[in-house]
Amino acid sequence: MSKERKLYQERLEQLKKAKSIKDSGGYNAIPFPFPKFNDFIPGIMRRTAYILTANSSVGKSRWLKYAVLLNIFYFKKNIYPELDIKIFYFTLEESKETLIDSLLCMFLYRDFGIEMDTRDLNSLRRTSPDSRIIKMLEGYGTFFDEFFDFVELYDGHVKPYKIKDVLEQYAQQNGKYIYEDVESIVKDGEKEKRRMIVGYKPDNPDQYVLTIVDPINLLGTQRNAPTLKAAIDLLTAEYMIEYRDICGYTFFLTQQQGADSEGQQYTNKGELIVEKLYPTLANLGDSRTTARDADIVIGLFSPDRYGLKEIGYGEYMYDLSFVTSTNIKLGKYFRQMTILKDRNGVADIKENLYFNGLTNVWSELPAKPKREIYTNYHSYNKVTYNYE
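Before going into details, it helps to say that this report is about the structure given with it. (Residues numbered from 1 in each chain as written. Predicted model: local features only at pLDDT ≥ 70, side-chain atom pairs only at ≥ 80, totals over all residues. Heavy atoms only, no water.)

### Points about the packing of helix α8 (residues 160-173) against helix α9 (residues 228-245)
- Contact geometry of α8 with α9 gives a least axis separation of 10 Å together with a crossing angle of 15 degrees. Taken together, α8 and α9 sit at an angle that is classed as roughly parallel. Between α8 and α9 lies a crossing whose hand is right-handed. Across from Pro160, Tyr161, Ile163, Lys164, Leu167 and Glu168 in α8, the residues of α9 making contact are Ala231, Leu234, Leu235, Tyr239, Glu242 and Tyr243. (Axes fitted to C-alpha atoms, helices over the stretch in contact; angles between N-to-C directions. Helix = DSSP H or I, 4+ residues; strand = E, 2+ residues; numbered from the N terminus. Parallel < 35°, antiparallel > 145°, perpendicular 65-115°, else oblique. Left-handed = near helix turned anticlockwise from the far one by under 90°. Contact = heavy atoms within 4.5 Å.)

Printed below as a string of structure tokens:
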């Protein structure tokens, strides 16, 4: 049997297996907590590289915690306990301690309706948290035991080779590389055979191995990558592609938009060019070539940041200047998520989201704004991991 025919047979068996899993109520991807969005991107898939991009302070890291980290935890705990997953989380922007504090703040709101940020939690303002709040915090030990059972955290100054070392060690301990003698030209047309890696057989082919780097704009440099761009390109164009294609690993990176995209541009008549404000592949910060290596690129946009009073058109128009019952403009809670690239799907799909920066809640909004959205906007301020 030829290699090509063997590959066809393997793919056919894999397709049959995927159908069987789906037909029996299982999952072939970890869905995002955004049901409408899952119609276009089914969720977190094996052997897939994602990039989430936005300007600074729009909510990339917060989205990542809600839609990826915690989403996976509760999906495994409540929906699909047989899920086998390993997460390597390189948090370059915040420390491990800050990450844990931010999760605790989310839990206080979800479980007790208490809105508190990490500074309040650390008694940095005029008063300290009530003693009953400290008592509440003592109840999350089991969560963190289960969470860190499959999540490994790395913070601080991380260089590309550190990420490669972590992945290589895991790959060798949890599977076997497949080698073949491959003929290659070495000098003056002479040929020789070299033993090369041509595949990988994991101990558990159903396991997800997910690497998160947040954000890649803070990667450290190294000898063979002396600039930030070189470090980013080394990670995405070499290491990410190697472990995605050979080992079937998944990557989820965040990347800030370039500094040029932060500024507003105007026409000769002094009118704001709104289209120039949205995140784009061309404005990926510090290295634009990362988009070539990614399978999926998602952009986050905050129209209120630029003083936009409305977004959309016709019956799909959202009035961002509307003042809520808590005397805050609706635009403060509004984000728009766009598929900038989908190698195997449709791009330029937009999804309107509710976002509360204090409680880190993200919820899908309807494409057409309904009256109750304006009168009861905070009904979306609920932590729900709903996939239907």
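Having seen the model, we can carry on.
### Description of the pattern of salt bridges
- For the coordinates displayed, the defined rule picks out 23 salt bridges.
- As a salt-bridge pair, Arg125 and Asp117 come within 2.9 Å of each other at their nearest N and O atoms.
- Between Lys329 and Asp304 there is a salt bridge, with its nearest N and O atoms 3.1 Å apart. Of this pair, Lys329 sits in the loop between β10 (318-319) and β11 (334-342) while Asp304 sits in the loop between β8 (296-301) and β9 (310-311), placing them 25 residues apart in sequence.
- Residue Lys329 is classed as partly exposed on the basis of its relative accessible area of 35%.
- The class of Asp304 is buried, set by a relative accessible area of 11%. (Salt bridge = Lys/Arg side-chain N within 4 Å of Asp/Glu carboxyl O. Buried < 20%, exposed > 50% of the residue type's maximum accessible area, 1.4 Å probe, protein only.)

### Considering the environment of Ser379
- When you line up the elements, Ser379 lands in the segment after α11 (371-375).
- What makes Ser379 partly exposed here is its relative accessible area of 30%.

### What to know about the layout of surface pockets
- The calculated volume of the second largest pocket comes to roughly 510 Å³.
- Lining the second largest pocket are 22 residues, with Ser61, Arg62, Lys65, Glu93 and Glu94 sitting closest to its centre.
- Elements supplying a minimum of two residues to the lining of the second largest pocket: α3 (60-79) and α4 (96-112).
- For the lining of the second largest pocket, the class distribution of residues is six nonpolar, 10 polar and six charged. (1 Å grid on protein atoms, 1.4 Å probe; cavity = no way out; pocket = protein on both sides within 12 Å on 5 of 7 lines; lining within 4 Å. Points joined across faces, edges and corners; volume = space filled by probe spheres on them. Nonpolar A, V, L, I, M, F, W, Y, C, P; charged D, E, K, R; others polar.)

### Some details on the sheet that holds β8
- As summarised here, the arrangement of the nine strands in space is β3-β2-β6-β7-β1-β8-β11-β12-β13, forming an open sheet in which the pairing is mixed. Looking at which strands have only one partner, the edges of the open sheet turn out to be β3 (151-155) and β13 (361-364). Strand-to-strand twist of the sheet, defined as the mean angle between neighbouring strand axes without regard to direction, takes the value 20 degrees.
- Where β8 meets β11, six bridges bridge the pair, whose relative direction is antiparallel. (Pairing = 2+ DSSP bridges.)

### Looking at the environment of Pro205
- For Pro205, the position within the fold is in the loop between β5 (190-202) and β6 (208-214).
- The exposure class of Pro205 is exposed, given its relative accessible area of 54%.
- Separated by 121 residues in sequence, Pro205 and Asp84 place their C-alpha atoms 9.8 Å apart.

### Focus: the nonpolar core
- The biggest cluster of nonpolar side chains holds 60 residues, and the ones touching the most others in it are Phe32, Trp63, Val68, Ile72, Ile87 and Phe252.
- With 11 residues, the top contributor of residues to this core is α3.
- For Trp63, the residues in contact, after removing those within four places along its chain, are Phe32, Phe34, Leu52, Val68, Phe252, Ile298, Leu300, Met337, Leu353, Asn360 and Trp362.
- With 33 residues, the next largest nonpolar core counts Tyr177, Val209, Ala294 and Leu340 among its residues. (Core = buried A, V, L, I, M, F, W, Y, C linked by side-chain atoms within 4.5 Å.)

### Some details on unusual backbone geometry
- A cis amide bond links Asp214 with the next residue in sequence, Pro215, at an omega value of -10 degrees.
- By secondary structure assignment, the location of Pro215 is in the loop between β6 and α9.
- Residue Arg47 is not a glycine yet carries a positive backbone phi of 55 degrees.
- The residue Arg47 is located in the loop between α2 (35-38) and β1 (49-54) in this model.
- When its relative accessible area of 44% is taken as the criterion, Arg47 is described as partly exposed.
- Phi is positive for Ser123, which is not a glycine, with a value near 55 degrees.

### Some thoughts on α4
- With 17 residues, α4 should reach 24 Å at 1.5 Å per residue; the first-to-last C-alpha distance of 24 Å fits that figure.
- Every buried residue belonging to α4 is among Leu99, Asp101, Ser102, Leu103, Leu104, Cys105, Met106, Phe107, Leu108 and Tyr109, and all of these are buried.
- Looking one or two residues past α4, Gly113 carries a phi angle of roughly 70 degrees, positive in sign. (Expected span 1.5 Å × (residues − 1).)

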